[in-house]
Amino acid sequence: MPAAPESTMPLPRLGALVPPWPGKQVVLSGGPVFVRYTPWTGPVEGGSEDAPVERALYVHGLGGASTNWTDLAALLAVRFEGWALDLPGFGESEPPSRGGYSIARHVQAVVDLLEWVVDRPGPGRGRPVHLLGNSLGGLVSLWGAARRPDLVATLTLISPAMPVYRVPAAFDRAITLVLLPGVPALAEKRLAGVSAEQRVRGLVRMCFGNPDAVPPARLEEAIEEMRRRDEQPWAGQALTRSLRGMMTSYLRFGRANAWRMARSVRMPTLVVWGDRDRLVDPRLAPRLAAALPDARLQMQPGVGHLAMLEAPEATARVVLGLAEHAATTAADVLADSIGSPAEPGAAAAV
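Everything numeric in this text was worked out from a predicted model, so none of it was measured.

A closer look at the overall build of the protein
Point 1. A tally of helices and strands in the protein yields 13 helices and 8 strands.
Point 2. Evaluated residue by residue, the protein yields a buried proportion of 51% over its 350 residues.
Point 3. Within the protein, residue pairs in contact and separated by at least 24 positions form 77% of the contacts whose partners lie at least 6 positions apart.
Point 4. Carbon together with sulfur atoms contributes 57% to the accessible area of the protein, which is approximately 16100 Å² in total.

See below:
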């Protein structure tokens, strides 16, 4: 399979911690979701008059939120204006009005938001969007891209939660039993009894290849976000029941199976995986890249489950490299459709 090309485009220096991007509630067919917006900045070295302005949509994983994409969106703003949603029931989004927390419900929210993003006024209106998803959001993005390829320019999957039939030991046992009747409610009660700081530090240990490298200010930011989330009466339900919906989806066969769905995805796709991922086995990475018809793979040494948080620059370079490749390919196809240039002197002979 082709190696993931890395863009040489200069990237901004993040320096101090980037604050969460501002957002607002966006009303979709299934109810409102909270969406953060990262404006396009153009190239670091100027010359923005002829620079591409494209659009991106970011989809977080189980237990995450739109803030997971803060740093990566800041880097990709040299080419993309970006939108990052809180899936229904997560972050600042309310629970779904119907459809529960099934994978299909989350996919519908992403497809609806893709349509909304494509229709926004300004440069890039009407053109397909670069779709990026992590973990549960990667699985949801894969389904969304397969369902509506007309809305997706490229697809980036960061440690996507592809179907597996042996649950990693890193998952808490109470959560792995969510398929059993009554267990989600018990898991919600157990989660409610653990402090926000304990949960965040536990997640960092599970999700990062090098937990000690997380800046203290980022850790405090995450703890404060968890405390705000604890004030929402549906927070525990969204987590446990989305996990249940994800695991239920693993039991699908035939065309409804995600591995088979991957083989139908035709747009250029990037698979990014940390080799210290404790939640989704890194050995799935080459298997997924081989299943996708037009895929590139980047394995990140020393990185865990959240490459966009732990290695934002390395991730940004391959995402931009994919976008550059897709743009070049599209230009070549357009040139071929127009036809070869006329022979010298042909115009004078007309």
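With respect to the nonpolar core
Point 1. Counting 94 residues, the largest nonpolar core has Leu57, Tyr58, Leu76, Leu113, Leu142, Leu288 and Leu292 as the members making the most contacts within it.
Point 2. For this core, the element with the most residues is helix α2 (residues 103-118), which contributes 9 residues.
Point 3. Filtering out sequence-adjacent residues up to four positions away, Leu142 remains in contact with Leu155, Leu157, Met162, Ala258, Ala262, Val265 and Leu292.

A look at the packing of α2 against helix α3 (residues 136-147)
Point 1. The contact between α2 and α3 brings their axes to 9 Å, and the two run at 65 degrees. The angle between α2 and α3 falls in the class roughly perpendicular. Where α2 crosses over α3, the two elements pack in a sense that is right-handed. Counted together, Ile103, His106, Val107, Gln108, Val110 and Val111 of α2 and Leu136, Leu139, Val140, Trp143, Gly144 and Arg147 of α3 form the full contact between these two elements.

Some words on helix α6 (residues 196-207)
Three- or four-residue spacings in an α-helix give side chains the same orientation, since the helix completes a turn every 3.6 residues.
Point 1. With 12 residues, α6 ought to run about 16 Å at 1.5 Å a step, and its terminal C-alpha atoms sit 16 Å apart, in line with that.
Point 2. Inspection of α6 places Ala196, Arg199, Val200, Gly202, Val204 and Cys207 among the buried residues, and these make up the whole buried set.

Things to note about α3
Point 1. For α3, built from 12 residues, the straight-helix expectation of 16 Å at 1.5 Å per residue is met to within 8% by its first-to-last C-alpha distance of 17 Å.
Point 2. With respect to burial, α3 is a largely interior element, 10 of its 12 residues being buried.
Point 3. Of all the residues in α3, the buried ones are Leu136, Gly137, Gly138, Leu139, Val140, Ser141, Leu142, Trp143, Gly144 and Ala145.
Point 4. The inward-facing, buried residues of α3 abut β3 (54-59), α2, β5 (129-134), β6 (152-158), α8 (235-249) and α9 (258-262).

Some details on the pattern of salt bridges
Point 1. For the coordinates displayed, the defined rule picks out 14 salt bridges.
Point 2. Of the charged contacts, one joins Arg218 and Glu221 as a salt bridge, the two residues approaching to 2.9 Å between their closest N and O atoms. One end of the pair, Arg218, and the other, Glu221, are both in helix α7 (residues 216-230), 3 residues apart, so they sit about a helical turn from each other.
Point 3. Here Arg283 makes a salt bridge to Asp281, at a shortest N to O gap of 2.7 Å.
Point 4. What you see here is one network of salt bridges that share partners, running through Asp71, Arg218 and Glu221.

Regarding the pairing of β3
Point 1. By the criterion of burial, β3 is predominantly enclosed, with 6 of the 6 residues buried.
Point 2. Burial of β3 is two-sided: the residues Glu54, Ala56 and Tyr58 facing one way and the residues Arg55, Leu57 and Val59 facing the other way are all buried.
Point 3. Since β3 and strand β4 (residues 80-85) lie parallel, the crossover through helix α1 (residues 70-76) that links them has a hand, and here it is right-handed.
Point 4. Strand direction decides the pairing type here: β3 and β5, joined by 4 bridges, are parallel. Counterpart to Leu57 in the pairing with β5 is Leu131.

So, the packing of aromatic side chains
Point 1. Evaluation of the coordinates by the stated rule reveals 3 aromatic pairs.
Point 2. Ring geometry for Tyr37 versus Trp83: centroids 5.0 Å apart, planes at 50 degrees, classification tilted. Linking Tyr37 in strand β2 (residues 31-38) with Trp83 in strand β4, this pair joins segments that are 46 residues apart in sequence.
Point 3. Three or more aromatic residues link up through ring pairs in this structure, and these residues are Tyr37, Trp83 and Trp116.
Point 4. Directly above the aromatic system of Trp116 lies the positively charged group of Arg120, at a separation of 4.1 Å from the ring centroid.
Point 5. Above the ring of Trp259, the side-chain terminus of Arg287 is found at 3.8 Å from the ring centroid.

Things to note about the sheet that holds β2
Within a sheet, adjacent strands bond to each other through the backbone by hydrogen bonds, running parallel or antiparallel.
Point 1. Pairing is mixed across the open sheet formed by 8 strands, whose spatial order is β1-β2-β4-β3-β5-β6-β7-β8. Two strands in the sheet have a free side with no partner beyond their single neighbour: β1 (23-28) and β8 (295-300). Shown here is a sheet whose adjacent strand axes are inclined to one another by a mean of 25 degrees, direction ignored.
Point 2. Relative to strand β7 (residues 269-274), helix α10 (residues 284-291) is tilted by about 175 degrees, and along the sheet it contacts β6, β7 and β8.

What about unusual backbone geometry?
Point 1. The backbone of Ser135 sits at a positive phi, close to 60 degrees, despite the residue not being glycine.
Point 2. Residue position: Ser135 is located in the loop between β5 and α3.
Point 3. Its relative accessible area of 10% is what places Ser135 among the buried residues.
Point 4. Look at Ser159: it is not a glycine, yet its phi comes out positive at around 45 degrees.

Points about the side chain of Arg55
Point 1. With respect to the helices, strands and loops of the structure, Arg55 is situated in strand β3.
Point 2. Overall, the relative accessible area of 1% leaves Arg55 in the buried class.
Point 3. Engagement of the side chain of Arg55 in a polar contact is seen with the side chain of Glu81, the distance being 3.1 Å.
Point 4. Here the side chain of Arg55 touches Val117 through a polar contact of 2.6 Å, landing on its backbone oxygen.

The rules behind the values
- Residues numbered from 1 in each chain as written.
- Predicted model: local features only at pLDDT ≥ 70, side-chain atom pairs only at ≥ 80, totals over all residues.
- Heavy atoms only, no water.
- Helix = DSSP H or I, 4+ residues; strand = E, 2+ residues; numbered from the N terminus.
- Buried < 20%, exposed > 50% of the residue type's maximum accessible area, 1.4 Å probe, protein only.
- Contact = heavy atoms within 4.5 Å.
- Areas by Shrake-Rupley, 256 points an atom, 1.4 Å probe, with all protein chains shown as cover.
- Core = buried A, V, L, I, M, F, W, Y, C linked by side-chain atoms within 4.5 Å.
- Axes fitted to C-alpha atoms, helices over the stretch in contact; angles between N-to-C directions.
- Parallel < 35°, antiparallel > 145°, perpendicular 65-115°, else oblique.
- Left-handed = near helix turned anticlockwise from the far one by under 90°.
- Expected span 1.5 Å × (residues − 1).
- Salt bridge = Lys/Arg side-chain N within 4 Å of Asp/Glu carboxyl O.
- Right-handed = clockwise from strand over helix to strand, strands pointing away.
- Pairing = 2+ DSSP bridges.
- Phe/Tyr/Trp six-rings, centres within 6.5 Å; stacked < 30°, edge-to-face > 60°.
- Lys NZ or Arg CZ within 6 Å of the ring centre and 35° of its normal.
- Polar contact = N/O pair within 3.5 Å; in protein donor to acceptor, adjacent residues only side chain to side chain.

Such coordinate-based values are descriptive only and should not be taken to indicate function.
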